[in-house]
Amino acid sequence: MVNQKYLDKAEVLIEALPYIQRFNRKIIVVKYGGSAMTDEKLTRSVIQDVVLLKLVGFKPIIVHGGGKEISRWSEKLGIKPQFIDGIRVTDESTMEVAEMILNKVNKKLVAQIESLGVKAVGISGKDGQLLKTQRKYSNGKDIGYVGEVKSVCPKILQNLLEDDFLPVVCPIGMDDEYHSYNVNADDAACALAKAMSAEKLAFLTDMEGVYKDPKNPKSLISELHVREIDNLISNGNVGGGMIPKLLDCQDAIRHHVSRVHILDGRIPHCLLLEIFTNKGIGTAILGDEEKRFYEDK
Ligand SMILES: Nc1ncnc2c1ncn2[C@@H]1O[C@H](COP(=O)(O)OP(=O)(O)O)[C@@H](O)[C@H]1O
Ligand SMILES: CC(=O)N[C@@H](CCC(=O)OP(=O)(O)O)C(=O)O
């Protein structure tokens, strides 16, 4: 007689089969935000998920942030972090700190992936001219070395995927004069998802998803239409780092990334829960034509 526990395990694996088939050889861009990186155990569970996706035949690409860590180190060095609409004002010293910290985060993630037996390569947007940037202005105001992605040269990522590496990208770009620019990691993930014709773009952050009212935890929006995003932002219901995230969700959906999600990186195995179960978690962004499946809570 076979132990029921093992049968249950087999059942779980079989349930995953249609999802594995659907995403087989498909590109999934996982934006791993610094806000969801603060706990070592949770970071490990995120990395385990991505490694599993890779081993069952998906093509994940990690684009990471590290905003909290950049702020922590800036303060240690006597630099006061300053943000406008979720974007860091980046003077020369801040740029230096950002590049240093993001590279450190990048190599740490690479080591964690490698420790689980998958070949990973950490690169920045400067490598192979992956992210060509130009200076980004905030309502006409100069905010320093903040980069807006002007073009993407996806060749390096295509080559890495072809050779079965798991690419880990840090959001630093370069302009035509080879100067470094600090790119918001959400913007970098969106630009790469579009350029790589990704099937899915998942933003892992430190909230359950998007709230209609950030002060009301019962106001989670399970499904959000792209056309509702502008209103949500202009009404002041969305602030800080959620602004670039939602604008990037809108941009990605309108440029044919089929599935865009904002997920709670604090939930262990949130990526597996989202991909391998019918019941959605977090906030799913729907295209203009799509119908809702879930009721807002
Ligand atoms: N309406 C909203 N719903 C959810 N989060 C919001 C909302 N408005 C503002 N936020 C803020 O956005 C933050 C997520 O963005 P950010 O700090 O940049 O995270 P990440 O490092 O994951 O990119 C949340 O911690 C939250 O404080
Ligand atoms: C220009 C800009 O805002 N760059 C971001 C880059 C890191 C980032 O986006 O990190 P999270 O994803 O953790 O927020 C910053 O300096 O914080």
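Definitions and cut-offs
Residues numbered from 1 in each chain as written. Chains lettered and ligands numbered in written order. Predicted model: local features only at pLDDT ≥ 70, side-chain atom pairs only at ≥ 80, totals over all residues. Heavy atoms only, no water. Near = heavy atom within 4 Å. Polar contact = N/O pair within 3.5 Å; in protein donor to acceptor, adjacent residues only side chain to side chain. Areas by Shrake-Rupley, 256 points an atom, 1.4 Å probe, with all protein chains shown as cover. Helix = DSSP H or I, 4+ residues; strand = E, 2+ residues; numbered from the N terminus. Nonpolar A, V, L, I, M, F, W, Y, C, P; charged D, E, K, R; others polar. Buried < 20%, exposed > 50% of the residue type's maximum accessible area, 1.4 Å probe, protein only. Pairing = 2+ DSSP bridges. UniProt positions renumbered as here; feature names shortened; annotations may be inferred. Contact = heavy atoms within 4.5 Å.

Peer 1: Quick question: what am I supposed to make of the site of ligand 1 here?
Peer 2: As a matter of local geometry, ligand 1 sits amid 18 residues, with Ser35, Thr205, Asp206, Asn237 and Lys245 nearest to it. For ligand 1, an oxygen atom lies 3.3 Å from a polar atom in the backbone of glycine 34. In the model, an oxygen atom of ligand 1 is placed 2.7 Å from a nitrogen or oxygen of the serine 35 side chain. Within the complex, 79% of the 580 Å² of free accessible area of ligand 1 lies under protein. Broken down by secondary-structure element, the contributors of at least two residues to the shell around ligand 1 are strand 11 (200–205), strand 12 (210–211) and helix 9 (242–254). Partitioned by chemical class, the residues of the shell around ligand 1 number seven nonpolar, eight polar and three charged.

Peer 1: Before we go on, may I ask you to explain the pairing of strand 11 in this structure?
Peer 2: A regular strand places its side chains on the two faces of the sheet in alternate fashion. Most of strand 11 sits out of view: six of its six residues are buried. Residues Lys200, Ala202 and Leu204 line one face of strand 11 and the alternating positions Leu201, Phe203 and Thr205 line the opposite face, and both faces are buried. Sheet analysis places strand 1 (residues 27–32) next to strand 11, joined by five bridges and oriented parallel. Bridge pairing in strand 11 places valine 29 opposite leucine 201.

Peer 1: Explanation requested: the UniProt feature "binding site: substrate" (unreviewed entry) in the protein chain in the structure shown.
Peer 2: What UniProt calls "binding site: substrate" (unreviewed entry) maps, in this numbering, to Gly66, Gly67, Arg88 and Asn182. Considering the C-alpha atoms alone, the annotated residues occupy 117 residues of sequence yet fold into one spot, their largest mutual distance being 11.8 Å. Along the chain, glycine 66 falls in the loop between strand 2 (59–64) and helix 4 (67–76). Given a relative accessible area of 5%, glycine 66 falls into the buried group. The contacts of glycine 66, once residues within four sequence positions are left out, are Gly34 and Leu102. Structurally, glycine 67 is set in helix 4. On the basis of relative accessibility, which here comes to 31%, the residue glycine 67 falls in the partly exposed class.

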